Amino acid sequence: IYIMSNPGDLDTTFGTGGKVLTDIPGTTIDRGHGVVIQSDGKIVVAGTADFTVTADSKFLVIRYNTDGSLDSTFGTGGIVTTSFTGNGTKGRGIAIDSNDKIVVVGITGTNSNFAIARYGTDGALDATFGTGGKVITDLVAASNIDNAYAVAVDSSNRILVGGDIDIGGGKDFVVARYLENGNLDTGGFGNPNGYVITDFGSGNDSAWSLIIRSDGTILAGGYAEMSGVYNFGMALYNTDGSLDTSFGGGDGKVETLFGAGDYGTTMAVQSDGKIILGGYATLGGANRSTIARYSADGILDTTFGTN
């Protein structure tokens, strides 16, 4: 006689009772923001390690074996921390390229610049990328604020980074593309800058997730402020960074309102091409977990949920 677990029950073969808690030595606060699964099943988590209460923060990368134990072949006992400026550094998004190298993106610096690090399979910084494995990009001007939240790697190992940029008057979607060596792709994407900025309206817009679709188009999802109210927001870009005007309402952009304020934070594409954008909406004075499904061309799928 044996008892089978139900779907959704904690997997007791993982960690302790299905859970793993990792305390980084010498830190006050540790945060995980992104996770990927390697082809061998190992789990890699990216985030931020705060070593003091005064913003002495670093990129944090942890690799676990399939049973939840720390992978001792990675970094120091399964843990890697990476310094940038020592001020305001936060690791957020993570992806793995075709060479199994690990790419982590986030921000660093007083004015918040894009920060990227690439690691080999052993957790060591990849010296063939940027300067000693790291890249810092200050978009447009030194006085603006750039936030990187998401990363995706295309079939040529070019790195797409998504987030927002504030150059006065509110934040806008920003997507940047880097060549495999860490240089901005100034000739092939968003010519001549290597990045594109997308404004939905007069308010704040931010891309929190990125997906490269099978046809190479780049889907960014997050939120867009329209007439003072936050909506789910998406934009679709061609491989050169131009907006794909076949998407959404004919301008390459989509906005969806649920309630008094809606924020898209994560996205997925189904095998049939339909797009899922998830996050939360403010309804009746409370935040509610919210999901929308769209056709591949950005039209709300009325067969899903309520409209």
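Quick summary incoming for the structure in this document. Predicted model, so just to flag it, every value in this text is computed and none were measured.

1. Quick word on the environment of Leu219
- Turning to its location among the elements, Leu219 is positioned in strand 14 (residues 218-226).
- Classification of Leu219 as buried rests on a relative accessible area of 0%.
- Separated by 26 residues in sequence, Leu219 and Asn193 have C-alpha atoms that sit 19 Å apart.
- Beyond its immediate stretch of four places on either side in the chain, Leu219 contacts Ser209, Leu210, Ile211, Met234, Ala235, Leu236, Phe247, Met267, Val269 and Ile275.

2. Some details on the sheet that holds strand 8 (residues 134-137)
- Overall, antiparallel pairing links the four strands, which are arranged 5-6-7-8 in an open sheet. Each edge of the sheet is formed by a strand with only one pairing partner; in this case those strands are strand 5 (90-96) and strand 8. Geometrically, the sheet is characterised by an average inter-axis angle of 20° between neighbouring strands, direction not taken into account.
- Where strand 7 (residues 113-119) and strand 8 come together, four bridges link them in antiparallel fashion. Within the sheet, the bridge partner assigned to Ile116 lies in strand 8 and is Val135.

3. Describing unusual backbone geometry
- The omega torsion across Asn191 and Pro192 is 10°, close enough to zero to call that bond cis.
- Following the sequence through the fold, Pro192 ends up in helix 1 (residues 190-194).
- We note that Asp100 has phi near 65°; this positive angle belongs to a residue other than glycine.
- Positionally, Asp100 belongs in the loop between strand 5 and strand 6 (102-108).

4. Thoughts on the layout of surface pockets
- The calculated volume of the largest pocket comes to roughly 450 Å³.
- If you go around the largest pocket, you meet 18 residues; those closest to its centre are His33, Gly34, Arg92, Gly93 and Tyr149.
- Elements supplying a minimum of two residues to the lining of the largest pocket: strand 1 (29-37), strand 5, strand 9 (145-153) and strand 13 (205-212).
- Classifying every residue of the lining of the largest pocket gives ten nonpolar, five polar and three charged.
- The computed volume of the second largest pocket comes to approximately 190 Å³.
- Per-element tally for the lining of the second largest pocket: the top contributor is strand 19 (residues 286-294), with three residues.
- Classifying every residue of the lining of the second largest pocket by side-chain character gives six nonpolar, four polar and two charged.

5. Comments concerning the environment of Gly248
- With respect to the element layout, Gly248 can be found in the loop between strand 15 (229-237) and strand 16 (253-256).
- Residues Gly248 and Val174 lie 74 residues apart in sequence; the distance between their C-alpha atoms is 18 Å.
- Sequence-distant contacts of Gly248, defined by excluding residues within four places in its chain, comprise Lys253, Val254, Asp297, Gly298 and Ile299.

6. Structural notes on the sheet that holds strand 17 (residues 262-269)
- Within the open sheet, the three strands sit side by side as 17-18-19. Their pairing is antiparallel. Where the open sheet ends on each side, the last strands, each with one partner, are strand 17 and strand 19. When the angles between neighbouring strand axes are averaged without regard to direction, this sheet yields 20°.

7. Topic: the packing of aromatic side chains
- Taken as a whole, this structure holds eight aromatic pairs when the rule is applied.
- Ring geometry for Phe59 versus Phe84: centroids 4.7 Å apart, planes at 55°, classification tilted. Placement of the pair is Phe59 in strand 3 (residues 57-64) and Phe84 in the loop between strand 4 (79-82) and strand 5, with a sequence separation of 25 residues. For the pair Phe59 and Phe84, one class covers both residues: buried.
- A connected cluster of aromatic rings, assembled from ring pairs, spans Tyr223, Tyr230, Tyr263 and Tyr280.

Calculation criteria
- Residues numbered from 1 in each chain as written.
- Predicted model: local features only at pLDDT ≥ 70, side-chain atom pairs only at ≥ 80, totals over all residues.
- Heavy atoms only, no water.
- Helix = DSSP H or I, 4+ residues; strand = E, 2+ residues; numbered from the N terminus.
- Buried < 20%, exposed > 50% of the residue type's maximum accessible area, 1.4 Å probe, protein only.
- Contact = heavy atoms within 4.5 Å.
- Pairing = 2+ DSSP bridges.
- Axes fitted to C-alpha atoms, helices over the stretch in contact; angles between N-to-C directions.
- 1 Å grid on protein atoms, 1.4 Å probe; cavity = no way out; pocket = protein on both sides within 12 Å on 5 of 7 lines; lining within 4 Å.
- Points joined across faces, edges and corners; volume = space filled by probe spheres on them.
- Nonpolar A, V, L, I, M, F, W, Y, C, P; charged D, E, K, R; others polar.
- Phe/Tyr/Trp six-rings, centres within 6.5 Å; stacked < 30°, edge-to-face > 60°.

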